[in-house]
Amino acid sequence: MQLGLYIDQNRCMGCFACIVACKDWHDVPAGPASWIRLKIMEKGAYPDLLVAFLPTACWHCESPECVSVCPAEAIAKRDEDGIVTVDRDVCLGRDDCGACLEACPYDAPQFGAEENAKMQKCDLCVDRWAQAKKPVCVSSCPVQALDAGPMDELRAKYGDVREAEGFTCLAPLAPSVRFKPKENAASLDLRRIDVFPRSG
Ligand code: SF4
Ligand code: SF4
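Attention here is on the structure that accompanies the text. Values in this document were obtained by computation on a predicted structure and should not be read as measured data. (Residues numbered from 1 in each chain as written. Chains lettered and ligands numbered in written order. Predicted model: local features only at pLDDT ≥ 70, side-chain atom pairs only at ≥ 80, totals over all residues. Heavy atoms only, no water.)

## Looking at the overall build of the chain
Assigned secondary structure in the chain consists of six helices and eight strands. Starting at the N terminus and ending at the C terminus, the chain contains elements arranged as β-α-β-β-α-β-β-α-α-α-β-α-β-β. Here the C-alpha radius of gyration of the chain, 17 Å, is about what a compact globule of 200 residues would show, namely 16 Å. Reported as C-alpha extents along the three principal axes, the dimensions of the chain are approximately 50 × 35 × 30 Å. Each of the 200 residues in the chain was classed as buried or not, and the buried ones make up 48%. Of the contacts made within the chain by residues no fewer than 6 positions apart, 64% connect residues no fewer than 24 positions apart. (Helix = DSSP H or I, 4+ residues; strand = E, 2+ residues; numbered from the N terminus. Rg over C-alpha atoms; globule rule 2.2 N^0.38 Å. Buried < 20%, exposed > 50% of the residue type's maximum accessible area, 1.4 Å probe, protein only. Contact = heavy atoms within 4.5 Å.)

Below is the structure:
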């Protein structure tokens, strides 16, 4: 079984509630590490313009590059639910290694500002699933832009769209996320893209 996320890009209004809730739930200190970031894309020109938002985290890929490059075997993919976890006690640190950050095309591995910071990232709220609760980003979103669950259930409920504004599905990794992409955005030129919070 593979757990994953669903994102409705038409509902997301860029309010940062998921990011704040995630930092709070996982006790991620103030600083550059944030297990969810928000990609903000401005497209088009007046009067045909829009802003698209994309919450972005670890996608718990079915074939995760991060697992295969980690020389310390600090990153693992769980058999029971496909969640990709990191053992920070085993991680060699950003200064001494950083291989996962280089390997992940989605910039999911996060590091604090401290010297030789150990890797941290979204664990899909593995602790909350154990209490039969969905991830805190899903629960905190005020407009129900997010959902999570077994990928076969998400596909049955929402369809099998693998790409969205600001997201390219890299098939060899098979990221565990499906979308309702931003409507009316495909034909508009990208004017500006930003990601918050910024990495350190
Ligand atoms: S998104 Fe990046 S860090 Fe997450 S499982 Fe995939 S390769 Fe690993
Ligand atoms: S920084 Fe840590 S988790 Fe990342 S590849 Fe190196 S040892 Fe593994």
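## A look at the packing of aromatic side chains
In this structure the tally under the stated criterion is four aromatic pairs. Arranged with centres 5.0 Å apart and planes meeting at 10°, the rings of Tyr106 and Phe167 form a pair that is stacked. Of this pair, Tyr106 sits in the loop between helix 3 (99–103) and helix 4 (126–129) while Phe167 is found in the loop between helix 6 (151–158) and strand 7 (177–180), placing the two residues 61 residues apart along the sequence. Just as Tyr106 is buried, Phe167 falls in that class too. Ring centres of Phe167 and Phe179 lie 5.0 Å apart, and the angle between their planes is 45°; on these two criteria the pair is classed as tilted. (Phe/Tyr/Trp six-rings, centres within 6.5 Å; stacked < 30°, edge-to-face > 60°.)

## Considering the pattern of salt bridges
The full count for this structure, using the stated rule, is ten salt bridges. For Arg11, the salt bridge is made with Asp8, and the minimal N-O distance between the two is 3.6 Å. Connected through shared salt-bridge partners, Arg78, Glu80 and Asp81 make up one network. (Salt bridge = Lys/Arg side-chain N within 4 Å of Asp/Glu carboxyl O.)

## Remarks on the sheet that holds strand 1 (residues 3–8)
Spatial ordering of the open sheet is given by 6-1-7, a layout of three strands whose pairing is mixed. With partners counted over all chains shown, the strands left at the sheet margins are strand 6 (146–150) and strand 7, one partner each. Between one strand and the next, the sheet's axes are offset by a mean angle of 20°, whatever the strand orientation. Judged from the five bridges that link them, strand 1 and strand 6 form a sheet pairing that is antiparallel. Bridge pairing links Gly4 to Gly149 in strand 6. Across the sheet, helix 6 touches strand 1, strand 6 and strand 7, and the angle it forms with strand 6 is around 130°. (Pairing = 2+ DSSP bridges. Axes fitted to C-alpha atoms, helices over the stretch in contact; angles between N-to-C directions.)

## Here's the deal with empty space enclosed by the protein
Summed over all chains, the structure comprises four cavities of 30 Å³ or more. Counted as a void, the largest cavity has a volume near 150 Å³. Taken together, 18 residues make up the lining of the largest cavity; nearest its centre are Leu5, Ile36, Ala57, Cys122 and Cys137. Where the lining of the largest cavity is concerned, the elements lending two or more residues are strand 1, strand 3 (48–56) and helix 5 (136–140). Volume-wise, the second largest cavity comes out at about 110 Å³. (1 Å grid on protein atoms, 1.4 Å probe; cavity = no way out; pocket = protein on both sides within 12 Å on 5 of 7 lines; lining within 4 Å. Points joined across faces, edges and corners; volume = space filled by probe spheres on them.)

Remember that the coordinates give geometry; whether it matters functionally is a separate question.
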